[in-house]
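Structure at a glance
What follows is the residue order along each chain.
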Amino acid sequence: MHPPCSGEASQPCCSGCFPSPFLASYFDNFHNTTKSIINITGSIHDDLEAATSSTLHPYNQFTNHETLPSLDESYINFTKAYPPFCSTSEVDRIRAQEYNHLNLSNICFDYTGYGLFSNAQEQRSCPSTSIASSSSCPPPSLPYSALEPPFFDISYKPINLHSQVLYGGQESELESKIRERIMAFMNISEADYTLVFIANEVSAFKLIGNSFKFQSDGELLTVYDHKSEAVDVMIETCKEQGANILSAEFSWPNLGIRYRKLKKMIMSRRDKRKRGLFVFPLHSRVTGAPYSYIWMSMAQENGWHVLIDACALVPKEMESLGLTMFKPDFMVCSFYKKFGKNPSGFGCLFVKKSSISALKESGNATSIGIVSLFPAFRQPQPQEEIVIADEETEPKSETPPQHVTEEAYVKQKGTLSSEIVELNSSLESVQSKERLGLVNGSSEIECRGLDHADSVGLILISGRGRYLTNWLVNALMSLQHPHTQTGLSLIRIYGPEINLHRGPAVAFNVFDWKGEKIDPTVVQKLADRNNISLSGAFLQNIRFSDKNEEKRQRICEVKGLCQSNKTQSHDFGVSVVTAALGFLTNFEDVYRLWAFLSRFLDADFVDKERLRYMALNQKTLDI
């Protein structure tokens, strides 16, 4: 994670580039500490590139998808190249026991963020309400949380961010417990930060844009190599307040930060009071390109307030030394209810208490994203049976109308015993008190998703992701179109290739045997038909050097790779496919993605898939 001082790459040196001798000492120590950890755990080879290249031994190039080694053979070679991977088997055990839906449904390469709960928690909730003597469900005396799935709903709060951070508000037991658990998971001190629940990532960025107190002629500086809805919303919001908008630029094709350009934008002004907001991810959630913590420190030393985008970090990565040392003013991250199946959840905005003066005390920042959490009331599903302890009554499947409580429904139908009505009344009462924050110690919130990440730890999680990501990059680059003198690659990787510090995301495009890009949406649709979920993205803020201008024009105009504004050489964008690897990704997932993409080596693959779809579904596949 240490971007250069020379030219266009991204490792700044600490000699002469930064005014603080502390930073030089810190990064020397940080680098040495990291190397020591790596050496002690054996989690990486000295030569990662050589190790990664050996994972496909004895092959290094494939021109036919039918010649790919089997899953078993590939896994054996993989573990030979990366022996420490076997020490991460605990993740496989957790996935098999707690997240079996990941093996039964789509392979998920379209998730970033954290999952609060596991699939097993939902499965443990009672599938039917039964008062028969043979019932295996919990008796009425058990607490509400034992009878309900560990999920929640949200409601919007009419309050501005400054007031929420300064005064807080009445907090339910559910909110309190989830807040405490998340702050412990993120290793963030409640003495330093306030956690605010936000509807989602986009709402969090918009809220900061609305709430930040820009000085006259203040600036918003963002570091994103891809188009982001959240950042775009923030930019528009800040423009309305008169802020100047600045963006970091990235070099083609590895998409490293153009170091000198960003340094100049950070350090250009002498009047530090008129600085603004520096928005910074620790790596790109699209390309996996890593960015050094030192950019955050440089911005702080030059008067900027810093917002860290932590939405794409792997679990436990927030525990690293950098954030505990540099303490940004704001941090944003996302939490799903359950990874890989239910995308609903919330965003978290952490505000440093000492930075509250940077927020407006009032204004139009009211009620645009701050939310409360409350327990979700679980309606019986259509297949659930309500069993009566009456021999003459036939078990019957019933589903109450939407938004009608079980108690009202039971009273209306008049078919259940008084014990059922009493039980439901009790549950409703506990739920109402929970929403108001009046229940103390009546239930325990179990965030098994966070517990699992805690049990595995940062070193194993990051090491596992590093092995799988670099294997995937190498495997994709091994696919070459047949019968081409120049060895035309099927896959083009954008951003870092094999790299020790890259993030767990790979951006790429697929090219046919003529060298023309296949529309990323076509790749996504065909992947989805093969039970593989991928994302699409748009790379931007890319700058070519003069020597590459002719090549850029050839790429843009002949191969249709990008969209560009010819008046500016850096106004260039590329639509790409992106695969994000998560904490629970396993080797079979990445192998299946590789095997699917290798089928594009068949020149007729897309046409064959279209015809097959028509034969099965009697309608045209829109690709």
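The model shown is predicted, which means the values in this text are computed figures rather than measured ones.

As for the overall build of the protein chain
Looking only at helices and strands, one finds 22 helices and 22 strands in the protein chain. When each of the 623 residues of the protein chain is scored for burial, the buried share is 53%. When the accessible surface of the protein chain is totalled, it reaches about 27,500 Å², and 48% of it is carbon and sulfur.

Things to note about helix H19 (residues 520-529)
Along H19, the positions that sit buried rather than exposed are Pro520, Val522, Val523, Leu526 and Ala527. Mapping the buried residues of H19 onto a view down its axis gives an arc of 155°, with all of them on the same face. Backbone geometry just downstream of H19 places Asn531 in the positive-phi region, at approximately 60°.

Quick look at the environment of Ser297
Of note, Ser297 is situated in helix H13 (residues 294-301). With relative accessibility at 4%, the residue Ser297 sits in the buried group. Residues Ser297 and Lys327, spaced 30 residues apart in sequence, show a C-alpha to C-alpha distance of 9.3 Å.

So, the pattern of salt bridges
Pairing is possible between side chains of opposite charge, provided their charged atoms come close. By the definition in use, this model includes 19 salt bridges. Ionic pairing is found between Glu609 and Arg529, a salt bridge with its closest N-O pair at 3.4 Å. Taken together, the residues Glu609 in helix H22 (residues 605-617) and Arg529 in helix H19 connect sequence positions 80 residues apart. Under the relative-accessibility criterion, Glu609 is labelled buried at 3%. Since its relative accessible area comes to 26%, Arg529 is described here as partly exposed. With its nearest N and O atoms 2.9 Å apart, the salt bridge here joins Arg610 to Asp607. Of this pair, Arg610 and Asp607 are both found in helix H22, three residues apart, which corresponds to roughly one turn of the helix.

Observations regarding helix H4 (residues 89-98)
Of the residues making up H4, those classed as buried are Val91, Ile94, Arg95 and Glu98. Angular distribution of buried residues about the axis of H4 spans 100°; they occupy a single face of the element. Here the buried face of H4 lies against helix H5 (101-104), helix H6 (119-124), helix H17 (448-456), helix H18 (458-477) and helix H21 (587-598).

A look at the nonpolar core
Core analysis: the biggest nonpolar cluster contains 79 residues, and Ile182, Leu262, Phe278, Phe335, Phe346 and Phe350 have the highest contact counts within it. The element best represented in this core is helix H9 (residues 173-185), accounting for five residues. Setting aside chain neighbours within four positions, we find Phe350 in contact with Ile182, Met183, Met186, Ile188, Tyr193, Thr194, Leu195, Asp329, Phe330, Met331 and Cys333. Grouped together as the second largest cluster of nonpolar side chains are 45 residues, Leu472, Ala579, Phe587 and Phe605 included.

A closer look at the environment of Val574
The topology assignment puts Val574 in strand S22 (residues 572-580). You can call Val574 buried: its relative accessible area is 0%. In sequence terms Val574 and Leu539 are 35 residues apart; their C-alpha atoms lie 5.0 Å from each other.

Examining the state of the cysteines
Using the criterion set out here, one finds zero disulfides in the structure. Of all cysteine sulfurs, the one in Cys333 lies closest to Cys348, which takes part in no disulfide; the gap is 4.7 Å.

A short note on the packing of aromatic side chains
This structure, assessed with the given rule, holds 31 aromatic pairs. Each ring, one from Tyr259 and one from Trp295, has its centre 5.2 Å from the other, and the planes form 50°; the classification is tilted. Placement of the pair is Tyr259 in helix H12 (residues 259-267) and Trp295 in helix H13, with a sequence separation of 36 residues. Given the relative accessible area of 1%, Tyr259 is considered buried. Note on Trp295: relative accessible area 0%, which makes it buried. Three or more aromatic residues joined by ring pairs form one cluster here, namely Phe62, Tyr75, Phe78, Tyr82, Phe85, Tyr467, Trp471, Phe587, Tyr591 and Trp594. Cation over ring: Lys337 sits above Phe152, and NZ or CZ is 5.1 Å from the ring centre.

Rules used in this analysis
- Residues numbered from 1 in each chain as written.
- Predicted model: local features only at pLDDT ≥ 70, side-chain atom pairs only at ≥ 80, totals over all residues.
- Heavy atoms only, no water.
- Helix = DSSP H or I, 4+ residues; strand = E, 2+ residues; numbered from the N terminus.
- Buried < 20%, exposed > 50% of the residue type's maximum accessible area, 1.4 Å probe, protein only.
- Areas by Shrake-Rupley, 256 points an atom, 1.4 Å probe, with all protein chains shown as cover.
- Arc of directions from axis to C-beta.
- Salt bridge = Lys/Arg side-chain N within 4 Å of Asp/Glu carboxyl O.
- Contact = heavy atoms within 4.5 Å.
- Core = buried A, V, L, I, M, F, W, Y, C linked by side-chain atoms within 4.5 Å.
- Disulfide = S-S within 2.5 Å.
- Phe/Tyr/Trp six-rings, centres within 6.5 Å; stacked < 30°, edge-to-face > 60°.
- Lys NZ or Arg CZ within 6 Å of the ring centre and 35° of its normal.

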